[in-house]
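# Coordinate inspection notes
Each chain is listed here by its residues.
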Amino acid sequence: MPRNAEVIRQWTILREMEASRGATIRQLAESTGVTTRTIRRDLEALQEAGFPLYDEPGEAAKRWRLDTRPFRRLDHTAFTLAELSALYFSRTLVECFALPPFGQDLRGAFAKLEAALGPRLRSFLDRLPDVIQAKAPPARRRDDAQQRAAIGRLLDALLHQRRLEMRYHSRSSRREKEYRIDPYRLVYAEGGLYLFAYVPRYGQVRTFAVERIRRLTPLDETFEPVEDLGEAAFPHSLGIHQGPPERVELEFAADLAPYVQERVWHPSQELAPGPEGSVVVTMDVCNDGALRSWILSFGPGVRVRAPEGLARQVAADLDAARAGYGD
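This write-up is about the structure you can find in this document. (Residues numbered from 1 in each chain as written. Predicted model: local features only at pLDDT ≥ 70, side-chain atom pairs only at ≥ 80, totals over all residues. Heavy atoms only, no water.)

In this section: helix α2 (residues 25-32). For the α-helix, the turn length of 3.6 residues means that residues three or four positions removed from each other point alike. Those residues of α2 lying buried are I25, L28 and A29. In a view along the axis of α2, the buried residues occupy a sector of 100°, so they form one face of it. In α2, the exposed positions that point more than 90 degrees away from the buried face belong to R26 and E30. Directly after α2, the chain includes G33, whose backbone phi takes a positive value near 75°. (Buried < 20%, exposed > 50% of the residue type's maximum accessible area, 1.4 Å probe, protein only. Helix = DSSP H or I, 4+ residues; strand = E, 2+ residues; numbered from the N terminus. Arc of directions from axis to C-beta.)

Structural data, given as structure tokens:
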């Protein structure tokens, strides 16, 4: 994945310059394992992207630095009322979906914005969250210092393509296991953070819930990705599962048809009129718990037409649910 490697290398350059008093092109080339010509192209690309990089004479060679106050121009920027209102309107939505390690920083950023407002303007804008609100998705209970530290280590390992040893609590086996992993990507979905990592022992990419990571140990080893994850996370699932897609055909009753038709449940969906005002939805998705739970959420208003195995599974789930209520 050359594009990914380029972004990781350029991010490494930025962090190295920010953490030090500057670095020469040769030092940056040695630390990233590329040629000085590549480093020069990286520096030009970062400058074009707007990062405040500059060089200054050194004892033997020029040293490149990163301005530690890249947003100083905001001190002289006046937000319009419409821009402030837009920020406040989006605040509730943004805070709902902020990743666990960044939630506190986001609240701090909004607090600084509030402090810059006059009392009368703050009083007006503080009413906006009463006009529009957002309901956060179900969130994982665990968001403590241990988890935030684990996320920090994962982000560092992802950016530097560093191999990790991980102790993980497996929900299926109900015990803790040791893994050696190559971390590929972090994904926030359904109120939780998930790690996509290649496990050499199994020769495949697996998904791990970050909240169930018990220990992470960085190794003095780097890796090159052997599998391309693609751009979308969990592309074939209505939830957070991996698996091959199947052609699924569902018939929704007439009273549910308008509701079903006005939403995009999956990018592959196709809609067609059914008998007596019903609507038939076809999708290419994997047969997992998320799909069955979604179907069951419509109660008697939906019927599985295909595949036959999915129809039997949903019927069995309905029978089991009915048995739980006795007579």
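This paragraph deals with the pairing of strand β5 (residues 192-199). Taken residue by residue, a regular strand's side chains alternate between the two faces of the sheet. β5 sits mainly inside the fold: eight of its eight residues count as buried. Residues G192, Y194, F196 and Y198 of β5 are buried on one face, and the alternating residues L193, L195, A197 and V199, pointing to the opposite face, are buried as well. Bridging between strand β4 (residues 175-189) and β5 involves seven bridges; their strand directions are antiparallel. Residue P183 lies in a different strand from β5, and its bridge partner there is A197. Connecting the antiparallel pair β5 and strand β6 (residues 204-209) is a turn made up of four residues, with G203 showing a positive phi of about 65°. (Pairing = 2+ DSSP bridges.)

It is worth spelling out the packing of α2 against helix α3 (residues 36-48) at this point. The N-to-C vectors of α2 and α3 enclose an angle of 105°; their axes lie 9 Å apart at closest approach. One element, α2, and the other, α3, form an angle in the roughly perpendicular class. Across the interface between the two elements, I25, R26, L28, A29 and T32 of α2 pack against T36, I39, R40 and L43 of α3. When its residues are assigned to classes, the contact of α2 with α3 shows five nonpolar, two polar and two charged. (Axes fitted to C-alpha atoms, helices over the stretch in contact; angles between N-to-C directions. Parallel < 35°, antiparallel > 145°, perpendicular 65-115°, else oblique. Contact = heavy atoms within 4.5 Å. Nonpolar A, V, L, I, M, F, W, Y, C, P; charged D, E, K, R; others polar.)

Let us look at the sheet that holds strand β8 (residues 246-252). The strand order across the open sheet formed by four strands is β9-β10-β8-β11, and the pairing between neighbours is antiparallel. This sheet does not close on itself; its edge strands, each paired only once, are β9 (270-273) and β11 (302-306). If you compare each strand with its neighbour and ignore which way they point, the axes differ by 25° on average. Strand direction decides the pairing type here: β9 and strand β10 (residues 279-285), joined by four bridges, are antiparallel. Looking across to β10, one finds that L271 is bridged to V281. Contacts between helix α10 (residues 289-296) and the sheet are confined to β8, β10 and β11, with β8 contributing the most and set at about 10° to the helix. Along the sheet face, helix α11 (residues 308-323) touches β8 and β11 and points at about 150° away from the line of β11.

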